[in-house]
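# Topology and contacts: notes
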Amino acid sequence: MIKKCLFPAAGYGTRFLPATKATPKEMLPVLTKPLIQYGVEEAVEANIHTMAIVTGRGKRAIEDHFDISYELEHQIKGTSKEPLLTEIRSLITQCTFSYTRQVEMKGLGHAILTGETLIGNEPFAVILADDLCDNNGNDSVLKQMVSVYEKYQCSIVAIEEVPLEETNKYGVIAGNLVDNTDDTYRVTDMVEKPEPRNAPTNMAIIGRYILTPDIFDIIRNTKPGKGGEIQITDALLEQAKEGKVIAFKFKGKRFDCGSVNGFVEATNYFYEKEKNV
Ligand code: G1P
């Protein structure tokens, strides 16, 4: 059973400056909902109700978002605006939110290790909120991954094929097809942001992981890699060498909301979708 979901949310969001100068990038809205709320909803759909959020300086708005604002509630009670709070209220009653701060930005691996205190010794999910996923009528991406975890009982990474010239934006895997009925590969190699000529394949990791807790000790022993940062991709490679990482080609659509292009694409996509409801 996967009960906890970790959200690394300490990054500066420099690609969205000046918007992210005083606002966490995870709070940027696609339509009326902040990115991190989409992530929490995805976790809830996978039956996960304990959210562990790794924050940093300037991220207080995330904590306030997942809390009751009594003044606001009082102001809009009984008005036509009240239904706009239905979804967030429901999340607040269904979930618990715990926070810890990453004091230094030393990479995604380090951010995940910072979350150990909230996770403990159990397998857990990770959502990078700036990868926004839509299930397109399927189960949520994380829910699909939980099913894969239940079958293989090891770390799982979500992957999709990207144009070869974009491999330097992602962790890239190589692997052997285990089962084409569920699109799973046993990972044999993984490289963080390789140049296209060095990329083992064009199968890129997107911001969804299920990790077994031995990953924490592995991260502790992982040296800084690409960009001088402690990379989760490098830590996962250690598990992969023992055959303990499955890559899963999920069903659905994913938007890179860490980039302006992806953000605009997501906004248009969700706008069209809402219009047609
Ligand atoms: C991180 C990971 C990378 C992964 C990506 C998915 O990179 O390091 O392996 O492919 O997330 O979004 P970032 O986008 O944080 O630079």
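Residues numbered from 1 in each chain as written. Predicted model: local features only at pLDDT ≥ 70, side-chain atom pairs only at ≥ 80, totals over all residues. Heavy atoms only, no water.

### Points about the overall build of the protein chain
If you tally the helices and strands in the protein chain, you get 10 helices and 13 strands. Here the protein chain has a C-alpha radius of gyration of 18 Å; the compact-globule value for 277 residues is 19 Å, and the two agree. Split into buried and exposed, the 277 residues of the protein chain put 53% on the buried side. Partitioning the intrachain contacts of the protein chain with sequence separation of at least 6 by distance along the chain shows that 77% fall at a separation of at least 24. Accessible surface computed for the protein chain: about 13400 Å², of which carbon and sulfur atoms make up 49%. Counting 32 positive and 39 negative side-chain charges, the protein chain places the averaged centre of each group 3 Å from the other. (Helix = DSSP H or I, 4+ residues; strand = E, 2+ residues; numbered from the N terminus. Rg over C-alpha atoms; globule rule 2.2 N^0.38 Å. Buried < 20%, exposed > 50% of the residue type's maximum accessible area, 1.4 Å probe, protein only. Contact = heavy atoms within 4.5 Å. Areas by Shrake-Rupley, 256 points an atom, 1.4 Å probe, with all protein chains shown as cover. Lys, Arg positive; Asp, Glu negative; His and termini not counted. Charge placed at Lys NZ, Arg CZ, Asp CG, Glu CD.)

### Focus on the packing of helix 1 (residues 35–45) against helix 4 (residues 86–94)
For the pair helix 1 and helix 4, interaxial distance at closest approach is 11 Å and the crossing angle is 55°. Viewed along their axes, helix 1 and helix 4 adopt a mutual orientation that is oblique. Helix 4 is crossed by helix 1, and the crossing has left-handed handedness. Judged by residue contacts, Gln37, Val40, Glu41 and Val44 of helix 1 engage Glu87, Ile88, Leu91 and Gln94 from helix 4. (Axes fitted to C-alpha atoms, helices over the stretch in contact; angles between N-to-C directions. Parallel < 35°, antiparallel > 145°, perpendicular 65-115°, else oblique. Left-handed = near helix turned anticlockwise from the far one by under 90°.)

### Brief notes about the packing of aromatic side chains
Between two aromatic rings, the relevant description is the distance of the centres plus the angle of the planes. All chains considered together, the criterion is met by seven aromatic pairs. With a centroid separation of 5.0 Å and 50° between ring planes, the pair formed by Phe255 and Tyr269 is classed as tilted. In this pair, Phe255 is assigned in strand 13 (residues 253–256) and Tyr269 in helix 10 (residues 260–275), connecting sequence segments 14 residues apart. In this pair, the class of Phe255 matches that of Tyr269, namely buried. Aromatic pair Tyr269 and Phe270: ring centres 5.3 Å apart, planes at 80°, arrangement edge-to-face. For the pair Tyr269 and Phe270, one class covers both residues: buried. Joined through ring pairs, the aromatic side chains of Tyr38, Phe255, Tyr269 and Phe270 make up one cluster. The ring of Tyr38 has Lys33 sitting right over it, with the charged end atom 4.7 Å from the ring centre. (Phe/Tyr/Trp six-rings, centres within 6.5 Å; stacked < 30°, edge-to-face > 60°. Lys NZ or Arg CZ within 6 Å of the ring centre and 35° of its normal.)

### Quick look at the site of the ligand
Near the ligand there are 13 residues, and of these Asp131, Gly171, Glu192, Lys193 and Ile205 occur at the shortest range. The separation between an oxygen atom of the ligand and a polar main-chain atom of Gly171 is 2.9 Å. One of the backbone N or O atoms of Ile205 is found 2.6 Å from an oxygen atom in the ligand. The cavity that encloses the ligand is the largest pocket. For the shell around the ligand, the leading source of residues is strand 11 (residues 203–211), giving four residues. For the shell around the ligand, the per-class residue count stands at six nonpolar, four polar and three charged. (Near = heavy atom within 4 Å. Polar contact = N/O pair within 3.5 Å; in protein donor to acceptor, adjacent residues only side chain to side chain. 1 Å grid on protein atoms, 1.4 Å probe; cavity = no way out; pocket = protein on both sides within 12 Å on 5 of 7 lines; lining within 4 Å. Sits in = over half its atoms within 2 Å of the grid points. Nonpolar A, V, L, I, M, F, W, Y, C, P; charged D, E, K, R; others polar.)

### Describing the UniProt feature "domain: Nucleotidyl transferase" (unreviewed entry) in the protein chain
Per the UniProt record, the feature "domain: Nucleotidyl transferase" (unreviewed entry) sits at residues 9–268. As a span, residues 9–268 carries 31% helix and 26% strand, and end to end its C-alpha atoms are 24 Å apart. (UniProt positions renumbered as here; feature names shortened; annotations may be inferred.)

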